[in-house]
Amino acid sequence: MPSRRADPVTIEVVELIGDVVARYHTEYEHAAASHQLTGAQAKVLTMLALEPMPMRRIALKLRCEPSNVTGIVDRLEARGLVERRPDPADRRVKLAAPTEEGTLTAERLRESLDFAREPLAGLSTEERTALRDLLKRMLDG
């Protein structure tokens, strides 16, 4: 009995996921560059537009060292896209939060990512929901 990891369907799914990730990454980098941002800066900015957060949490989400996040936030702050402010729940903690211009830039970035949106639009709501649930299950498991 062949290993479940080596069956032809699994191999094809892995290849397809790789293709999707590569195409998304390429478009994301292009969209970021159109706003004079690196991919990492764009990712942090779009995350912060959803919810201001401390540097440690950003680092956990990006799976990188907090010192890397500090540099990214410093550059975004220098561009006027992000600001540091005290956390209302714990004034010892600083939150990185988007400025008004940062929020607008994050919105424009999201709007320019057609690759992710267009193929998904071809799926029904039920199919998109099933895909989302399967991806979550893969990541949680």
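Up top is the structure these notes are about.
Residues numbered from 1 in each chain as written. Predicted model: local features only at pLDDT ≥ 70, side-chain atom pairs only at ≥ 80, totals over all residues. Heavy atoms only, no water.

**A word on the side chain of threonine 105**
Its location among the elements puts threonine 105 in helix H5 (residues 100-112). When near neighbours in sequence (up to four residues on either side) are disregarded, threonine 105 contacts His35, Leu37, Leu45 and Leu81. (Helix = DSSP H or I, 4+ residues; strand = E, 2+ residues; numbered from the N terminus. Contact = heavy atoms within 4.5 Å.)

**Topic: helix H3 (residues 55-62)**
Buried residues of H3: Met55, Ile58 and Ala59, and no others. Axial view of H3: buried residues confined to an arc of 100°, hence all on one face. Across from the buried face of H3, at angles greater than 90 degrees, the exposed residues are Arg56 and Leu60. Elements in contact with the buried residues of H3: helix H2 (39-50), strand E1 (53-54), helix H4 (66-78), strand E2 (82-87) and strand E3 (90-98). Just downstream of H3, arginine 63 is the residue with a positive phi angle, here 55°. (Buried < 20%, exposed > 50% of the residue type's maximum accessible area, 1.4 Å probe, protein only. Arc of directions from axis to C-beta.)

**Concerning the environment of lysine 43**
Its location among the elements puts lysine 43 in helix H2. The exposure class of lysine 43 is partly exposed, given its relative accessible area of 39%. Spatially, the C-alpha atom of lysine 43 lies 11 Å from that of valine 73, the residues being 30 residues apart in sequence. With sequence-adjacent residues up to four places away left out, lysine 43 is seen in contact with Tyr28 and Leu62.

That is the geometry; function is a separate question.
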